[in-house]
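Close look at the chain arrangement
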Amino acid sequence: AVEFAAARYDVDRDADGAPDTYIGADEVAAANDWTAVLSVRVALMARSGPGLLDAPQHYVPLPGGPDDVPSTRPGDDGRLRRPFAATVALRNRLP
């Protein structure tokens, strides 16, 4: 099951063709700046069914992940968790 999912958008704020920062969809929409989006970083936390672990387990931060991806999860519910992330470049964007 997917416990958490997030998408962040890499935008070119100064129109130099290079990515500047990752921001949320609400910030892109507020600035009406979807044409400046160069890539999308998608991250999620997957979890197993209950009862697989007997001992608590701690999780490490998602390397290079968006700020809103949980960095740690207590393992006291007996579930295994694993973070996944991918960055997708947007090519051939339509005007």
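As a reminder, the structure under discussion sits directly above these lines.
Considering all chains together, one arrives at one aromatic pair under this definition. When the centroid spacing of 5.3 Å and the interplanar angle of 85° are considered together, the rings of Tyr-9 and Trp-34 count as edge-to-face. Taken together, the residues span a long stretch of sequence, with Tyr-9 in strand 1 (residues 2–11) and Trp-34 in the loop between helix 1 (25–30) and strand 3 (37–47) at a distance of 25 residues. Since its relative accessible area comes to 17%, Tyr-9 is described here as buried.

Attention now goes to the pattern of salt bridges. In total, this model carries two salt bridges according to the counting rule given. The salt bridge involving Glu-3 is made with Arg-47; its shortest N-O contact spans 3.2 Å. With a gap of 44 residues between them, Glu-3 in strand 1 and Arg-47 in strand 3 connect regions that are remote in the sequence. Judged by relative accessible area, which is 23%, Glu-3 ranks as partly exposed.

Thresholds, definitions, all that
Residues numbered from 1 in each chain as written. Predicted model: local features only at pLDDT ≥ 70, side-chain atom pairs only at ≥ 80, totals over all residues. Heavy atoms only, no water. Phe/Tyr/Trp six-rings, centres within 6.5 Å; stacked < 30°, edge-to-face > 60°. Helix = DSSP H or I, 4+ residues; strand = E, 2+ residues; numbered from the N terminus. Buried < 20%, exposed > 50% of the residue type's maximum accessible area, 1.4 Å probe, protein only. Salt bridge = Lys/Arg side-chain N within 4 Å of Asp/Glu carboxyl O.

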